[in-house]
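# Close look at the chain arrangement
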Amino acid sequence: VDLNGCLNPEATRALVQAVRMLETASLDDKSSSRVLLTTHVNPDGDAVGSTIALAHALRDRGTTVDVVLADPPPVYCKFLPGVEWITPCIPSMPPDLAIVCDAAGIDRIGPVDHAVKVARQTIEIDHHGVARPFGDVRVVDDNCAATAELVYYLLTALKAPITPAIASSLMMGLVTDTGSFRFTNTNTRAFRLAATLMEAGADLSRIMDQVYDQKTVSSLRLLERAISHLRIANSFASATLSRHDFQQTGATQGEAEGVIGHLRSLKGVQVAAVLRETGPAEARVSLRGRPGYNVAEIAALMGGGGHAAAAGCTIYLPLDEAERRLRETVYKFLDQIKKSVS
Ligand code: AMP
Ligand code: MN
Ligand code: MN
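Here's what I pulled together on the structure shown here.

### A short note on the coordination of the manganese ion (ligand 2)
With distances of 2.1 to 2.8 Å, the protein atoms coordinating the manganese ion (ligand 2) are His 40 (NE2), Asp 44 (OD), Asp 44 (OD) and Asp 102 (OD). Separation of the manganese ion (ligand 2) from the manganese ion (ligand 3) amounts to 3.7 Å, with Asp 102 serving as a shared donor to the pair. Of the two residues, Asp 44 is situated in the loop between β1 (34-39) and α2 (45-60) and Asp 102 in the loop between β3 (97-101) and α3 (113-117); the sequence distance between them amounts to 58 residues. For Asp 44, a relative accessible area of 22% translates into the label partly exposed. With relative accessibility at 2%, the residue Asp 102 sits in the buried group.

What follows is the structure, encoded as structure tokens:
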């Protein structure tokens, strides 16, 4: 495999091993060899795009795949050919091979973890900086803008043809994880990959339209609620969304996804957070940081994880208390940064 040094040496070695495993999976008795594909809970564009791209490539080679996700794909992914294969139902037979995309730990894939644990072998494909390793083979490089990039290298090494369906799926991952090439994970390789995927027939205009220009009124009303709860202090912006807010606006949890971007984009804000009430004593936290503010460190302090610029955690407290706890943690974190700079 010649990746021209695109990946770190361990990931390159793991990729060679993964290719071997997949070659065996397609050569074995096809009727009995099964590959399970999965990704993290509340999947985003990269999670779904990477998984679907792999599903296409393996099916095109005649391998039987089960695409099992704990949660349904986001609405903007539903046009991708192959999303109809996604099911929450765990197959009764243990898989010969499980491939887990874009998940920073086995605890991030929800109830599908049972199926992965009984698989004969597991390949982990991921680009998280802070992660809890679990795979037998780990194709992991946090210099990749998206897991989709790693899947692209894997498919290239497998000599799998990049069909328009695969190209669109991978482009979905690349576009959403780089915030359309705005975030600091955007490097020259991301642009090269984008060009290659365009050549392979990725439908970029459709992806952009689905991701950015298909907002629902309920999501806008939810944003209104979030803004009415906005608090800014010490360059930290936070907003809470209670179950009441979701009920009153008719918005789904998924429709809250865009809110955090509005907070992060505020002048003077270095760290932003949105807390969603997901239970009586459970708040799901999304964190975003500007360059120099590694929010994965904040998330890790609260039992979560993620990337430097985008991370998350769950705080098991009532919403207001969770926000208070988060604020304390963020202020300490910001103080430390201030001290280390001065
Ligand atoms: P989100 O705010 O849900 O878009 O998540 C932002 C990033 O943080 C994603 O890359 C997630 O995979 C990661 N993340 C969110 N929650 C957790 C968690 N509890 N543990 C580890 N990583 C997380
Ligand atoms: Mn993801
Ligand atoms: Mn990702």
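Moving on, there is more to tell.
### A short note on a nonpolar patch on the surface
A cluster of nonpolar side chains, Ile 227, Leu 230 and Ile 232, forms an exposed patch at the surface whose accessible area comes to about 250 Å². Its location among the elements puts Ile 232 in strand β6 (residues 231-233). For Ile 232, a relative accessible area of 49% translates into the label partly exposed.

### A few points about the coordination of the manganese ion (ligand 3)
Within the protein, Asp 46 (OD), Asp 102 (OD), His 127 (NE2) and Asp 177 (OD) serve as the donor atoms for the manganese ion (ligand 3), at 2.2 to 2.3 Å. Read from N- to C-terminus, the donor residues coordinating the manganese ion (ligand 3) fall into the pattern D-x55-D-x24-H-x49-D.

### A look at the nonpolar core
Membership of the largest hydrophobic core comes to 64 residues, with the highest contact counts inside it found for Leu 37, Leu 54, Ile 99, Ile 123, Ile 125 and Val 139. Contacts of Ile 99, omitting those with residues within four sequence positions, involve Leu 22, Val 35, Leu 36, Leu 37, Thr 38, Leu 54, Leu 58, Ile 123 and Ile 125. Membership of the second largest hydrophobic core comes to 24 residues, among which are Val 271, Leu 287, Leu 326 and Ile 337.

### Brief notes about the sheet that holds strand β9 (residues 282-289)
Taken together, six strands build an open sheet; the order of strands is β6-β7-β8-β9-β11-β10 and the sheet is mixed. What marks the edges here is a single partner per strand, and that holds for β6 and β10 (305-306). Sheet analysis places β10 next to strand β11 (residues 310-315), joined by two bridges and oriented antiparallel. Within β11, the position partnered with Gly 306 by the bridge is Ala 311. In this fold helix α12 (residues 319-341) packs onto β6, β7 (236-241), β8 (271-279), β9 and β11, with an angle of close to 165° to the strand it touches most, β7.

### Notes on the pattern of salt bridges
If charged atoms from side chains of opposite charge come close, those side chains can pair. Counted by the stated rule, this structure contains nine salt bridges. A salt bridge links Glu 124 to Arg 138; the nearest nitrogen and oxygen atoms lie 3.1 Å apart. Of this pair, Glu 124 sits in strand β4 (residues 121-126) while Arg 138 sits in strand β5 (residues 137-140), and the two are 14 residues apart along the sequence. Here Arg 221 makes a salt bridge to Glu 224, at a shortest N to O gap of 3.8 Å. In this pair, Arg 221 and Glu 224 both sit in helix α8 (residues 217-228), three residues apart, roughly one turn of the helix.

### Re the side chain of His 128
Mapped onto the elements, His 128 comes out in the loop between β4 and β5. Side chain to side chain, His 128 and Asp 126 meet in a polar contact 2.6 Å long. A distance of 3.3 Å separates polar atoms of two side chains, one belonging to His 128 and the other to His 307. With near-sequence residues (within four places) excluded, His 128 lies in contact with Asp 102, Ala 103, Ala 104, Val 140, Asp 142, Gly 306 and His 307.

### With respect to the state of the cysteines
Overall, the coordinates contain zero disulfides when judged by the stated rule. Between Cys 6, a cysteine without a disulfide, and Cys 144, which holds the nearest cysteine sulfur, the sulfur-to-sulfur distance is 8.0 Å. When its relative accessible area of 18% is taken as the criterion, Cys 6 is described as buried. Not engaged in a disulfide, the cysteine Cys 89 finds its nearest cysteine sulfur in Cys 77; these two sulfurs lie 20 Å apart.

Rules of the game
- Residues numbered from 1 in each chain as written.
- Chains lettered and ligands numbered in written order.
- Predicted model: local features only at pLDDT ≥ 70, side-chain atom pairs only at ≥ 80, totals over all residues.
- Heavy atoms only, no water.
- Donors = N, O, S within 2.8 Å, 3.2 Å for Na, K, Ca; no water.
- Helix = DSSP H or I, 4+ residues; strand = E, 2+ residues; numbered from the N terminus.
- Buried < 20%, exposed > 50% of the residue type's maximum accessible area, 1.4 Å probe, protein only.
- Patch = residues over 30% accessible without salt bridge, like charges linked within 9 Å, V, L, I, M, F, W, Y side chains within 5 Å.
- Areas by Shrake-Rupley, 256 points an atom, 1.4 Å probe, with all protein chains shown as cover.
- Salt bridge = Lys/Arg side-chain N within 4 Å of Asp/Glu carboxyl O.
- Core = buried A, V, L, I, M, F, W, Y, C linked by side-chain atoms within 4.5 Å.
- Contact = heavy atoms within 4.5 Å.
- Pairing = 2+ DSSP bridges.
- Axes fitted to C-alpha atoms, helices over the stretch in contact; angles between N-to-C directions.
- Polar contact = N/O pair within 3.5 Å; in protein donor to acceptor, adjacent residues only side chain to side chain.
- Disulfide = S-S within 2.5 Å.

Remember that the coordinates give geometry; whether it matters functionally is a separate question.
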